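Inside the fold
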Amino acid sequence: MTSHTTPGRPRAGTSDARRRLIRELLLVAGLFAVYKAGRTLSTGRTDEAFRNAGRVWDAERALHLPGEGAVQRLLLHSDAVVHTANTYYAAVHFPATALFLIWLYLRRPRHYLWTRRVLAVVTGAALVLHLSFPLAPPRMLGAADLVDTGQVYGPTVYRAAPAADTMANQFAAMPSLHFGWALMLALGMIAATRSRWRALWLLHPLITLLVVVGTANHYWLDALVATLLLGAALLLVPRPVPARRTTRVVRSSREGNPVPASAAAPAPGSAPASAPAPGSAPAPGRASAGAAVAAGAAVGGGQ
């Protein structure tokens, strides 16, 4: 008599997980593509962008905000420091956000959905502002008298002439998504972790704020507006509900007292306390308690 080995079929859970992953990748990539394409719609509004830049600069002076030049002068004390700031602006923003979302997807699914929805709301609102309020960054504003550190010291993600830059809209300064996404990363990691050091994640948006202002890519008000949009999104999107732990209870049919399933069930690998003699029927109370324990274990194994 021969035995045949049939290859095991892939589990349904693995297939479902793969489909969910592909769906999320397509969704996030699609949203990002729509955002990037939408930003380019305001690239030709140069005069309006510079008028708005003058208004923002005057508003900051009226509000007695510190000048962006004060931060830039600190960076310009060292070529290495300003080069590091340019690199942080160019290379950290998107990869850090992507790694943050991947980690949440794998380790904190509930927080991932919450974060993805918040980021989608913030980015959508930012796109509306980019289209309705084109804004030249402070590095282009003569009244600001700031250095375009990306062009002078490198690296840079923008071309020297905004009209020749087909990959980015340089007039989409307000709000600063560099700062808004960085702040959401920090808040998301603080909410999703329990380390006593988790408040240190706030260093990321703080460094990002100093970088975007010091490199003359954003005004202070760009970061302020991004913070307000993020606050509104956090109010609109419900926070993830923590998973609740349930305790299974087995009721003894003899005494009618609730007994935890962990106390009623034998330890793994141990023999039962008493076994009926071969051929004899189990006692009614013992049979019902055993059935309840088995049912409780079956329910627990499905969670």
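It should be noted that the structure appears before, not after, this text.
Here is a short report on the structure shown in this document. Since the model is a prediction, treat every value here as computed from it, not as a measurement.

When the charged atoms of two side chains lie near each other, side chains of opposite charge can form a pair. This structure, assessed with the given rule, holds five salt bridges. Residue Glu 24 is joined to Arg 116 by a salt bridge in which the shortest nitrogen-to-oxygen separation is 2.7 Å. Here Arg 116 lies in helix H6 (residues 109-132) and Glu 24 lies in helix H1 (residues 12-39), a separation of 92 residues in the sequence. For the pair Glu 24 and Arg 116, a shared accessibility class is recorded, and that class is buried. The shortest N-O distance in the salt bridge between Glu 60 and Arg 61 comes to 3.5 Å. Note on Arg 61: relative accessible area 28%, which makes it partly exposed. Each of Glu 60, Arg 61 and Glu 68 takes part in a single network of salt bridges with overlapping partners.

This brings us to the packing of aromatic side chains. Scanning the entire structure with this criterion turns up three aromatic pairs. Ring geometry for Tyr 89 against Tyr 158: centres 6.3 Å apart, planes inclined by 55 degrees, an arrangement best described as tilted. Of the two residues, Tyr 89 is situated in helix H4 (residues 79-91) and Tyr 158 in the loop between helix H7 (149-153) and helix H8 (177-192); the sequence distance between them amounts to 69 residues. Ring geometry for Tyr 105 and Tyr 112: centres 5.2 Å apart, planes at 85 degrees, overall edge-to-face. Since its relative accessible area comes to 22%, Tyr 105 is described here as partly exposed. One Lys or Arg, Arg 61, reaches over the ring of Trp 57 and ends 4.1 Å from the middle of that ring. The cationic tip of Arg 239 hangs over the ring face of Trp 114; the distance from NZ or CZ to the ring centre is 5.5 Å.

Calculation notes
- Residues numbered from 1 in each chain as written.
- Predicted model: local features only at pLDDT ≥ 70, side-chain atom pairs only at ≥ 80, totals over all residues.
- Heavy atoms only, no water.
- Salt bridge = Lys/Arg side-chain N within 4 Å of Asp/Glu carboxyl O.
- Helix = DSSP H or I, 4+ residues; strand = E, 2+ residues; numbered from the N terminus.
- Buried < 20%, exposed > 50% of the residue type's maximum accessible area, 1.4 Å probe, protein only.
- Phe/Tyr/Trp six-rings, centres within 6.5 Å; stacked < 30°, edge-to-face > 60°.
- Lys NZ or Arg CZ within 6 Å of the ring centre and 35° of its normal.

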